[in-house]
Amino acid sequence: MKIIHCADLHLDSKMTANLSREQARERRKELLRTFTRMVEYAAANEVRVILIAGDLFDTRNISAMARNTVRDMILGHPQIDFIYLRGNHDSDNFLTKLEEVPENLLMYGDSWGTYLYGDVAITGMEISPDNAATMYNSIVLEHDKFNIVTLHGQLENYKSKDQVQVISLNDLKNKNIDYLALGHVHGRLIEKLDARGIYCYPGCLEGRGFDECGEKGFMLLDIDEDSRTMNCEFVPFAARTIYTLPVDVGGVMTTQEAAERIERAISDANYSSGSLVKIELTGEVEVDAEFSCDFLEDMFSDYFYYEKVEDRTRLRVNYADYEKDASLKGEFIRMVLSSDMSEEEKTEVIRCGIMALSGEEI
């Protein structure tokens, strides 16, 4: 029996943080198309269940196109069960807008529910403040079944900017779990749960920002029901990949020298032209070094679908060099270095000040 475990699709995400309006519109369509391609992949590979561990949508206000596309893909593939556990971004708006809920769209509620496929049991629940304290004692799984448990939330030691329920791995150990299918964390994570089972965050299906770099896709589970063993593999599936490319520009003095370093780094990385790439300039540079991130962005704008350049360099400033410098620049640098600003703030203030004193546009 084959099962796809995916999570955090965030369909209808605005995608406007970095992209132009046209690119954001295109990326929203690509997120939706990646979902339909995944369903087509499932049909072509005889996948029995697509398990969505939360955050199918990104917002309560679901567009008609996203809602209708998801509905039509579910209806169009009756041989596949879509088990949908709602996450912290999901609401009941998707279901209430449907004239009729497809028979192969299966949901969980606020108490443990199980869908049986022979000796494979897929159990899950939506965690809430009302059931979070009792959920671990109320789960009952048969020892001789292959047990998949589905939850959406963050682990105890994982920090999240969203308000989401916490999952205690210790309280799920020795519960006859073979595969704990999780959602919410956008990076892929697979670890041992206990002597019997593993837990897995598949990560998001498509990266949306530079905090979601690297390959994105879903987990494909192939379960042997006779031996109750499983082969589990990650399937990269995103339409585009997001990268952060660090480039050491230590010692450079001009924009052209920085551009040559970037050119070599891009050549070595060999990213596809459809990628989204953030180039981070690193290393120590002299106070008088001149390079423009805006100009560098323009130079490499045709290399990728989207590209940006960020300055993460540090200034090489020796206080003694300016201790007796009677110039305005020396006085300015001494004042900044003696302030209580952080080193990062000092670097940025000194850089902007030097540019202003040199007549450059800031």
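Here, the structure is the one placed above.
Computed from a predicted structure; not experimentally measured. (Residues numbered from 1 in each chain as written. Predicted model: local features only at pLDDT ≥ 70, side-chain atom pairs only at ≥ 80, totals over all residues. Heavy atoms only, no water.)

Points about a negative patch on the surface
On the surface, D222, D224, E225, D226 and E233 cluster together into a patch of negative charge. On the basis of relative accessibility, which here comes to 34%, the residue D222 falls in the partly exposed class. (Patch = residues over 30% accessible without salt bridge, like charges linked within 9 Å, V, L, I, M, F, W, Y side chains within 5 Å. Areas by Shrake-Rupley, 256 points an atom, 1.4 Å probe, with all protein chains shown as cover. Salt bridge = Lys/Arg side-chain N within 4 Å of Asp/Glu carboxyl O. Lys, Arg positive; Asp, Glu negative; His and termini not counted. Charge placed at Lys NZ, Arg CZ, Asp CG, Glu CD. Buried < 20%, exposed > 50% of the residue type's maximum accessible area, 1.4 Å probe, protein only.)

Quick notes on helix 5 (residues 255-269)
Its 15 residues place the ends of helix 5 21 Å apart at the C-alpha level, agreeing with the 21 Å of an ideal helix rising 1.5 Å per residue. Taken as a whole, helix 5 has its buried residues at T255, A258, A259, I262, A265 and I266. The arc that holds every buried residue of helix 5, seen down its axis, measures 125 degrees, which confines them to one face. More than 90 degrees from the buried face of helix 5, the exposed residues found are S267 and D268. On its buried side, helix 5 packs onto strand 15 (242-248), strand 16 (276-282) and helix 6 (293-299). (Helix = DSSP H or I, 4+ residues; strand = E, 2+ residues; numbered from the N terminus. Expected span 1.5 Å × (residues − 1). Arc of directions from axis to C-beta. Contact = heavy atoms within 4.5 Å.)

Looking at the packing of aromatic side chains
The way to describe two aromatic rings as a pair is by their centre distance and the angle between their planes. By the definition in use, this model includes 11 aromatic pairs. With 5.4 Å between their ring centres and 50 degrees between their planes, Y108 and Y115 make a pair best called tilted. Classification of Y108 by relative accessible area gives buried; the value is 5%. On the numbers, 6.4 Å between centres and 50 degrees between planes, the contact of Y303 with F304 is tilted. Ring pairing ties together the aromatic residues Y243, Y271, F300, Y303 and F304, which thus form one cluster. The ring of F237 has R37 sitting right over it, with the charged end atom 4.5 Å from the ring centre. Cation over ring: R188 sits above F234, and NZ or CZ is 3.7 Å from the ring centre. (Phe/Tyr/Trp six-rings, centres within 6.5 Å; stacked < 30°, edge-to-face > 60°. Lys NZ or Arg CZ within 6 Å of the ring centre and 35° of its normal.)

A look at the pattern of salt bridges
One pass over the full model with this rule turns up 18 salt bridges. Close ionic contact of R208 with D58 constitutes a salt bridge, the shortest N to O distance being 3.3 Å. Of this pair, R208 sits in the loop between strand 12 (198-201) and strand 13 (217-224) while D58 sits in the loop between strand 2 (47-52) and helix 2 (64-75), and the two are 150 residues apart along the sequence. A relative accessible area of 18% places D58 in the buried class. Its salt-bridge partner being E310, residue K278 comes within 3.9 Å of it at the nearest N-O pair. Separated by 32 residues along the polypeptide, K278 in strand 16 and E310 in strand 18 (residues 306-311) bring together distant segments of the chain. E310 sits in the buried class, given a relative accessible area of 17%. Taken together, the shared-partner salt bridges in this structure form one network comprising E26, R27, E30, E206 and R240.

Comments concerning the sheet that holds strand 1 (residues 2-6)
Here 6 strands make up an open sheet; going across it, the order is 4-3-2-1-13-14 and the pairing mixed. Every other strand in the sheet has two partners, leaving strand 4 (105-107) and strand 14 (229-236) as the edge strands with one partner each. Each adjacent strand pair in this sheet contributes to an overall mean axis angle of 20 degrees, direction not counted. Bridge count between strand 3 (residues 81-84) and strand 4: 3 bridges; the pairing is parallel. When the bridges of strand 4 are listed, Y84 appears paired with M107. (Pairing = 2+ DSSP bridges. Axes fitted to C-alpha atoms, helices over the stretch in contact; angles between N-to-C directions.)

By themselves, these observations are geometric and do not establish any function.
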